[in-house]
Amino acid sequence: MSKRELKSYLNELTKRQLQEQVLDLYTRFKPVKTYYNFVFNPKEEKLLDEAKFRISKEYFPQNNRKPKTRRSIAQKIIKHYLQLGVDAFIIADVMLFNIEVAQRFTKEKKINQMSFYSSMLKSYNEAISFITENGLNTDFINRLNNIYVEGKAQDWPNYDEFEAVLKA
């Protein structure tokens, strides 16, 4: 069904029928419920805390488990927040927090897989693009610089690429 057909169908419904359909969607589909819960009660600070906890757990798990260091966890969180319409400042904060936690981890334990560093560079590039698109450069320029400086201090194999992305 196209968007136009959907609009036409919705225009034919009475207010009562439309309310019933929305309530049905709310009870049947978890993403719809999540969306409406967020729209009417955003609690963005709670979302930020949850995201930071989940990302930290990837690198510094509780119960002395082996760290998984998966970038995909942060990416899923960011994608979900974009779908919900979370404030751009919070999304940018999560993007940078992911890289900063990875740097804290590599400060303690060196990672020899180049794919890890390439993944962090991709996250850095995406963060810079997102921050620029949303006009948040002045809010995050210090953190972006600190990530580059820390990568250089830790002698990340691709730290020069971080500098190129930052200055682009």
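Here the structure is a predicted model, which means the values were calculated and not measured.

Visitor: Can you help me understand the side chain of Asn158 in this one?
Guide: For Asn158, the location among the structural elements is in the loop between helix 8 (137-153) and helix 9 (159-167). The exposure class assigned to Asn158 is buried, which follows from its relative accessible area of 1%.

Visitor: Help me understand the pattern of salt bridges, please; the structure alone is not making it clear to me.
Guide: Note on pairing: side chains with opposite charge can pair once their charged atoms come close. In total, this model carries 9 salt bridges according to the counting rule given. For the salt bridge of Glu20 with Arg16, the shortest nitrogen-to-oxygen distance reads 3.7 Å. Of this pair, Glu20 and Arg16 both sit in helix 2 (residues 15-28), separated by 4 residues, roughly a single helical turn. A residue is classified by how much of its surface remains accessible, and Glu20, at 43% relative accessible area, is partly exposed. Taking relative accessible area as the criterion, Arg16 reaches 56% and is therefore assigned exposed. Glu126 is paired through a salt bridge with Arg71; the nearest N and O atoms lie 3.0 Å apart. Of this pair, Glu126 sits in helix 7 (residues 114-133) while Arg71 sits in helix 5 (residues 71-84); the two residues are 55 residues apart in sequence, bridging distant segments of the chain. The exposure class assigned to Glu126 is partly exposed, which follows from its relative accessible area of 28%. When its relative accessible area of 16% is taken as the criterion, Arg71 is described as buried.

Visitor: When you look at the packing of helix 8 against helix 9 in this model, what are you seeing that I'm missing?
Guide: The axes of two packed helices give the description: the angle between them and the distance between them. Between helix 8 and helix 9, the least distance of the axes is 8 Å, while the angle of their chain directions is 160 degrees. Classified by the angle their axes make, helix 8 and helix 9 are roughly antiparallel. Helix-helix and strand crossings are classified by hand; for helix 8 and helix 9 the assignment is left-handed. For the pair helix 8 and helix 9, the contacting residues are Ile141, Leu144, Asn145, Ile147, Tyr148, Gly151 and Lys152 in the first and Tyr159, Phe162, Glu163 and Leu166 in the second. Residue classes in the contact of helix 8 with helix 9 are distributed as 7 nonpolar, 2 polar and 2 charged.

Visitor: I'm lost on a nonpolar patch on the surface in this one. Help?
Guide: On the surface, Met1, Leu6, Tyr9, Leu10, Leu18 and Val22 cluster together into a nonpolar patch covering about 510 Å² of accessible area. At the level of secondary structure, the elements contributing two or more residues to the nonpolar patch comprise helix 1 (3-12) and helix 2. Per element, the largest residue contribution to the nonpolar patch is 3 residues, and it comes from helix 1. Considering the arrangement of structural elements, one finds Val22 in helix 2. Judged by its relative accessible area of 32%, Val22 is partly exposed.

Visitor: Please explain the packing of aromatic side chains as it appears in this structure.
Guide: The geometry of an aromatic ring pair is captured by two quantities: the separation of the ring centres and the angle between the planes. Taken as a whole and judged by the stated rule, the model has 10 aromatic pairs. A centroid spacing of 6.1 Å and a plane angle of 10 degrees characterise the contact between Tyr36 and Phe40, whose relative ring orientation is stacked. With Tyr36 and Phe40 both in helix 3 (residues 30-40) and 4 residues apart, the pair spans about one turn of that helix. Taking relative accessible area as the criterion, Tyr36 reaches 28% and is therefore assigned partly exposed.

Visitor: I would appreciate a short explanation of unusual backbone geometry in the present structure.
Guide: For residues besides glycine, phi is generally negative; the peptide bonds are generally trans as well. For Lys43, which is not glycine, the phi torsion reads 40 degrees and is therefore positive. Within the element layout of this structure, Lys43 appears in the loop between helix 3 and helix 4 (44-59). Phi is positive for Asn63, which is not a glycine, with a value near 65 degrees. Mapped onto the secondary structure, Asn63 falls in the loop between helix 4 and helix 5. Residue classification places Asn63 among the exposed residues on the basis of a relative accessible area of 64%.

Parameters and conventions
- Residues numbered from 1 in each chain as written.
- Predicted model: local features only at pLDDT ≥ 70, side-chain atom pairs only at ≥ 80, totals over all residues.
- Heavy atoms only, no water.
- Helix = DSSP H or I, 4+ residues; strand = E, 2+ residues; numbered from the N terminus.
- Buried < 20%, exposed > 50% of the residue type's maximum accessible area, 1.4 Å probe, protein only.
- Salt bridge = Lys/Arg side-chain N within 4 Å of Asp/Glu carboxyl O.
- Axes fitted to C-alpha atoms, helices over the stretch in contact; angles between N-to-C directions.
- Parallel < 35°, antiparallel > 145°, perpendicular 65-115°, else oblique.
- Left-handed = near helix turned anticlockwise from the far one by under 90°.
- Contact = heavy atoms within 4.5 Å.
- Nonpolar A, V, L, I, M, F, W, Y, C, P; charged D, E, K, R; others polar.
- Patch = residues over 30% accessible without salt bridge, like charges linked within 9 Å, V, L, I, M, F, W, Y side chains within 5 Å.
- Areas by Shrake-Rupley, 256 points an atom, 1.4 Å probe, with all protein chains shown as cover.
- Phe/Tyr/Trp six-rings, centres within 6.5 Å; stacked < 30°, edge-to-face > 60°.

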